[in-house]
Amino acid sequence: MRPLFLLAGIGVAIAVLVGYHVIYVPHQAQVRLTQDRIAEERATQEMQAEVAALLGQVERSRKRLPEAPDPSVLVHDVATLAQQAGVQLTSITREPPQELAPFTHLIVRLQGTTSYHQLGVFLDALERADQFLRVERLEVGKSNWRGPATIQMVVGTFFVPPLLPGAGAGVN
C-alpha cells in the first residue's frame with residue numbers, strides 16, 4: 001500500500017507542477033500584460049485630456065490676439081479705449097509690422113493730452129481689454145497743476161499664426 005501512496009503522491013506532484021507551468025504561469029503573464037495595457041491606455045487618455053485642456057487655453061488666448069497681422073485693428077481698439085477714457089489723442093501713427101518669426105509685432109504710437117485721472121482710466125482699460133494690448137513705452141509731460149498733461153505712448157500686440165493646419169480664427 002505504501003508504494004501506491006508514493007506513486008499517487010508523485011502523480012499528484014507531477015500534475016500540480018504541470019498545471020502550475022502549463023496553466024497558472026501563462027495565465028499570470030496574460031494578467032500582467034492586460035494590466036500593463038490598461039495602465040498604458042489610462043496614461044494615454046490622461047495625456048489626451050491634458051493636451052485638449054492646453055489647446056483650449058491656447059485657443060482662448062488666441063482669441064485675444066489679432067486674426068491678421070494688420071495694425072489697423074490695433075489702432076481702432078486703442079483709439080476707442082482712449083476716447084472712452086476721455087484722453088484727447090492728437091496723433092496716432094502705425095508702425096510697420098515687425099516680423100519676429102514666428103510672430104508679428106504690431107505697434108502704434110500715440111500722442112495726446114489728458115488729465116492724470118483720465119490717463120489712469122485709459123491704462124486700466126488697456127490692461128483689462130478683451131484684446132491683448134501691451135503698453136511698451138509711456139512718457140508723461142509736465143503740466144501745470146490744473147491743466148492737462150501731454151503723453152507719448154507706444155502700444156503693441158502680437159499676431160501669432162495658427163500652430164496647426166486648419167486652426168485659427170474659425171476654431172471654437
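Refer to the preceding data block for the structure.
Below you will find a few notes about this structure. (Residues numbered from 1 in each chain as written. Predicted model: local features only at pLDDT ≥ 70, side-chain atom pairs only at ≥ 80, totals over all residues. Heavy atoms only, no water.)

**Let's talk about the overall build of the protein**
Quick note on the threshold: Starting at the N terminus, helices and strands are each numbered in turn, a helix being any DSSP run of H or I of at least four residues and a strand any DSSP run of E of at least two. Throughout, the radius of gyration refers to the C-alpha atoms, and the reference size of a globule is 2.2 Å times the residue count to the power 0.38. We call a residue buried when its accessible area falls under 20% of the maximum for its residue type, exposed when it is over 50%, and partly exposed in between, using a 1.4 Å probe and counting protein chains only. Whether two residues touch is decided by their heavy atoms; if any such pair falls within 4.5 Å, the residues are in contact.
Within the protein, the regular secondary structure consists of 3 helices and 5 strands. Element order for the protein, N to C, with α for helix and β for strand: α-α-β-β-β-α-β-β. Taking 172 residues into account, the globule formula puts the C-alpha radius of gyration at 16 Å, and the protein, at 35 Å, lies well above it. Considering only C-alpha atoms, the protein reaches an extent of 125 × 35 × 25 Å along its principal axes. Looking at the protein as a whole, 21% of its 172 residues qualify as buried. In the protein, the share of contacts with a sequence separation of at least 24, taken over all contacts with a separation of at least 6, comes to 66%.

**Examining the packing of aromatic side chains**
Note the following rule: The aromatic pairing rule takes the rings of Phe, Tyr and Trp, using the six-membered ring of Trp, and pairs them if the centres are within 6.5 Å, calling planes under 30 degrees apart stacked, those over 60 edge-to-face and the rest tilted.
Inspection of the entire model under this criterion finds 2 aromatic pairs. A ring pair is formed by Y20 and Y24, whose centres lie 5.5 Å apart and whose planes are at 25 degrees; its orientation type is stacked. Highlighted residues: Y20 and Y24, both in helix α1 (residues 2-62), separated by 4 residues, approximately one helical turn. With relative accessibility at 44%, the residue Y24 sits in the partly exposed group.

**Considering the environment of L133**
Position of L133 relative to the elements: it lies in the loop between α3 (116-128) and β4 (134-140). The class for L133 is buried, based on a relative accessible area of 11%. With 27 residues separating them along the chain, L133 and L106 place their C-alpha atoms 9.9 Å apart.

**Focus on helix α2 (residues 71-85)**
Worth spelling out the cut-off: Multiplying one less than the number of residues by 1.5 Å gives the expected span of a helix.
When the terminal C-alpha atoms of α2 are compared, their 21 Å separation across 15 residues agrees well with the 21 Å that a helix rising 1.5 Å per residue should span. Regarding α2, the residues found buried are P71, L74, V75, D77, V78, L81, A82 and A85. Buried residues along α2 sit against β1 (88-94), β3 (103-114), α3 and β5 (149-159). Two residues or fewer past α2, G86 is found with a positive phi of approximately 90 degrees.

**Points about α1**
Selection rule: Take the seven residues that end at a residue and the seven that start at it, fit an axis to each, and the angle between those axes is the bend at that residue.
Between its first and last C-alpha atoms α1 spans 87 Å; for 61 residues at 1.5 Å apiece the expected length is 90 Å, and the two agree. The sharpest bend along α1 reaches about 35 degrees and sits at Y20.

**Observations regarding the pattern of salt bridges**
So the rule is basically this: Criterion for a salt bridge: a side-chain nitrogen of Lys or Arg within 4 Å of a carboxyl oxygen of Asp or Glu.
In total, this model carries 5 salt bridges according to the counting rule given. For R109, the salt bridge goes to E95, with nearest N and O atoms at 2.8 Å. Separated by 14 residues along the polypeptide, R109 in strand β3 and E95 in the loop between β1 and β2 (98-100) bring together distant segments of the chain. The partner of R128 in a salt bridge is D124, and the shortest N-O contact between them spans 2.8 Å. Remark: D124 and R128 occur in helix α3; sequence separation between them is 4 residues, near one turn of the helix.

**Examining the environment of S61**
Mapped onto the fold, S61 is located in helix α1. Take S61: its relative accessible area is 45%, and that puts it in the partly exposed class. Taking the C-alpha atoms as reference, S61 lies 8.5 Å from F132; in sequence the two are 71 residues apart.

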